[in-house]
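Take a look at the letters that make up each chain.
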Amino acid sequence: MLSTIRAFASRNANASMLKSYATRGMSTSFDVSGSYSMHNMETAPNDTVESSKEELTDWFEKMYLMRRMEIACDNEYKARNIRGFCHLYDGQEAVCMGTEAAFDHEDSWITSYRCHAIALMRGGTVESIMGEMFGLQSGMTKAKGGSMHYYSKKDNFYGGQGIVGAQVPVGTGLAFANKYKSTPGERMPVAMAAYGDGAANQGQIWESANMAALWKLPMIFCIENNHYGMGTSVERHSSHQEYYKMGNHIPGIRIDGMNVLAVKEGMRFVKDYVGAGNGPMYVEMMTYRYHGHSMSDPGTTYRTRDEIAATRSARDPLEFIKTTMLDAGFATPEELKKIEKKIKKDVQKAIMKAKESSPPPKEELFSHIYSADHKIRESEEKPKFIRMPTFDKSIHN
């Protein structure tokens, strides 16, 4: 398995210098050299990243919130309060957090069915995300999407997609829209479609990349390489395992996806490049998921428990940011523990609040099918019935 994260010990050598900066309330420069590999590019992200106590504390709180929410999903699923598909994101938090830190609100984001954490960063709350999985009106999409289909247009988050790779052509369309709406010569908002290594050889991705390159769209093709397409390792399911080079002449970058500082700086670089009208870029995030592909997958039949434990101990993104903050003098172990305890309680309170909601009424099934703003006739705002497996079970308006 490939790994580009630097050992924690290499950072500890600079701990005393970092602490002296922190005591003056200044931002600190962190070394992220070795976190990137480039393809068809003459420039690269910086080897150092500036960050402050306030910024790192904010990132830690949000990443730990993602982690606790996903652990809660695991527990609620096993208690049968969540049904159907459920794909958890724990282990990949640095990808989401670093990307959001580099992006602007106008930048568009669409992803796969492993979308809880992205929804949390783009308009969602623990209450609305859990309510959605419980099938209740408190849900982010009012119980119409479930685990795989969160969405918030006002936050430029265009959802999780249940079909493997299907989000990529839609993401390319978002990039087209961003360019179409921008003033020629001005910097454009970018669009990113994130997908896993298991989807990377989809034909629709190649077609989308071709269009994005022809039209120089501000498009980011982001492969979250967690090393397994469902239960199949990258060595067994892809003849080309350097995904950031898959665009051929399209530039690419591989980023250490377990290092939130490296992700933020890398995505800043990518955003600047594609937003300036240079065309698309491939991004490969080297990351890892702790759970199986979904809750129906124990995740230990195709990889060993030792492999999972070794990744947790050496590369965990939360341990990385905690160690970084401690080394820089930005926090004490006691302060971080206090934050963790508060977030655990907050998550449980949000879950209890979500459960106070009720299932949506049957009438809600008829809304959000036709657009009221674009209906042809008055009668077409809502359909006359919802078709079920048999006529007698169909629901009539």
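See the structure shown above.
None of the values given here were measured: they were computed from a predicted structure. (Residues numbered from 1 in each chain as written. Predicted model: local features only at pLDDT ≥ 70, side-chain atom pairs only at ≥ 80, totals over all residues. Heavy atoms only, no water.)

Undergrad: Looking at this structure, I do not really get unusual backbone geometry. What am I missing?
TA: Residues apart from glycine generally show negative phi values, whereas peptide bonds are mostly found in trans. Despite not being glycine, N40 shows a phi value in the positive range, around 55°. Mapped onto the secondary structure, N40 falls in the loop between β2 (36–39) and β3 (48–51). Relative accessible area serves as the criterion here: at 46%, N40 is assigned to the partly exposed category. Unlike most non-glycine residues, A143 shows phi in positive territory, near 70°. Here A143 shows up in the loop between α6 (126–134) and β5 (157–161). Looking at A143, the relative accessible area reads 26%, which means it is partly exposed. (Helix = DSSP H or I, 4+ residues; strand = E, 2+ residues; numbered from the N terminus. Buried < 20%, exposed > 50% of the residue type's maximum accessible area, 1.4 Å probe, protein only.)

Undergrad: How should the packing of helix α12 (residues 317–327) against helix α13 (residues 333–355) be read in this particular structure?
TA: When two helices pack together, their arrangement is given by the angle between their axes and by how far apart the axes lie. Where α12 meets α13, the axes come as close as 10 Å, and the angle between the chain directions of the two elements is 140°. When the axis of α12 is compared with that of α13, the two are oblique. Pair α12 / α13 crosses with right-handed handedness. Touching K322, M325 and L326 of α12 are P333, L336 and E340, all from α13. (Axes fitted to C-alpha atoms, helices over the stretch in contact; angles between N-to-C directions. Parallel < 35°, antiparallel > 145°, perpendicular 65-115°, else oblique. Left-handed = near helix turned anticlockwise from the far one by under 90°. Contact = heavy atoms within 4.5 Å.)

Undergrad: Can you walk me through the sheet that holds strand β11 (residues 281–286) in this structure?
TA: In sheet architecture, strand pairing relies on hydrogen bonds along the backbone and comes in two forms, parallel and antiparallel. The sheet built from seven strands is open, its strands ordered β2-β10-β11-β7-β6-β4-β5 with mixed pairing. Each edge of the open sheet is held by one strand with a lone partner, namely β2 and β5. Averaged over all pairs of adjacent strands, the angle between strand axes in this sheet comes to 15°, irrespective of strand direction. Sheet topology places β2 next to strand β10 (residues 252–256); four bridges connect them, and they run antiparallel. Note on β10: the bridge partner recorded for M38 is I253. Its contacts with the sheet put helix α8 (residues 203–214) on β6 (191–196), β7 (219–225) and β11, and the angle it makes with β7 is roughly 150°. (Pairing = 2+ DSSP bridges.)

Undergrad: Could you clarify how one ought to interpret the pattern of salt bridges in this entry?
TA: When the charged atoms of two side chains lie near each other, side chains of opposite charge can form a pair. Overall, the coordinates contain 19 salt bridges when judged by the stated rule. When the shortest N-O distance is used, the salt bridge between E93 and R67 registers 2.5 Å. Note that E93 is positioned in helix α4 (residues 93–102) and R67 in helix α3 (residues 53–78), a separation of 26 residues in sequence. The salt bridge partner of E265 is R268, with a shortest N-O separation of 2.6 Å. Of this pair, E265 and R268 both sit in helix α10 (residues 260–278), three residues apart, which is roughly one turn of that helix. Taking the relative accessible area as the measure of exposure, E265 reaches 6% and is therefore buried. Taken together, the shared-partner salt bridges connect R67, E93 and D316 into one network. (Salt bridge = Lys/Arg side-chain N within 4 Å of Asp/Glu carboxyl O.)

Undergrad: Any chance you could explain the environment of Q348 here in plain terms?
TA: Position of Q348 relative to the elements: it lies in helix α13. Counting along the chain gives 104 residues from Q348 to Y244, while the straight-line C-alpha distance between them is 39 Å.

Undergrad: Which parts of the structure should I look at to understand the nonpolar core?
TA: One recurring pattern in soluble globular proteins is that nonpolar side chains are buried together. If you look at the biggest cluster of nonpolar residues, it comprises 73 residues, and the most contacted ones within it are M130, I220, M267 and V283. In terms of residue count, the dominant contributor to this core is α3 (nine residues). If we ignore the near neighbours within four places in the chain, the residues touching M130 are M69, A72, C73, E76, I82, I351 and A354. Formed by 22 residues, the second largest nonpolar core is a distinct cluster that contains A191, Y195, Y243 and M246. (Core = buried A, V, L, I, M, F, W, Y, C linked by side-chain atoms within 4.5 Å.)

Undergrad: How do you make sense of the packing of α4 against α10 when you look at a structure like this?
TA: At a minimum axis separation of 8 Å, α4 and α10 run at an interaxial angle of 45°. In terms of axis orientation, α4 runs oblique to α10. α4 and α10 meet at a crossing whose hand is right-handed. Side by side, α4 and α10 meet where A94, V95, M97, G98, T99, A101 and A102 of the first sit next to V260, V263, K264, M267, R268 and K271 of the second. Of the residues belonging to the contact of α4 with α10, the class tally is eight nonpolar, two polar and three charged. (Nonpolar A, V, L, I, M, F, W, Y, C, P; charged D, E, K, R; others polar.)

Undergrad: What is the right way to read the pairing of strand β1 (residues 28–31) from this model?
TA: Each regular strand shows side chains that alternate between the opposite faces of the sheet. Burial along β1 is one-sided: T28 and F30 are buried, and none of S29 and D31, which face the opposite way, are. Pairing between β1 and β3: four bridges, direction antiparallel. Within the sheet, the bridge partner assigned to F30 lies in β3 and is V49.

Undergrad: It is not clear to me how the pairing of β11 should be interpreted in this structure. Could you clarify?
TA: Extensive coverage of β11 is indicated by the burial of six of its six residues. The side-chain alternation of β11 yields two buried faces, one formed by M281, V283 and M285 and the other by Y282, E284 and M286. Alignment of β7 against β11, held across six bridges, turns out to be parallel. By the bridge assignment, N225 is partnered in β11 with M286. Relative to β11, β10 runs parallel, the two sharing five bridges. Each residue of the ladder has a partner; that of I253, found in β11, is V283.

Undergrad: For this particular structure, what's the right way to read a nonpolar patch on the surface?
TA: On the surface, F176, Y180, M211, L214 and W215 cluster together to form a nonpolar patch covering roughly 590 Å² of accessible area. Those elements that provide at least two residues to the nonpolar patch are α7 (167–181) and α8. Along the chain, the position of Y180 falls in helix α7. (Patch = residues over 30% accessible without salt bridge, like charges linked within 9 Å, V, L, I, M, F, W, Y side chains within 5 Å. Areas by Shrake-Rupley, 256 points an atom, 1.4 Å probe, with all protein chains shown as cover.)

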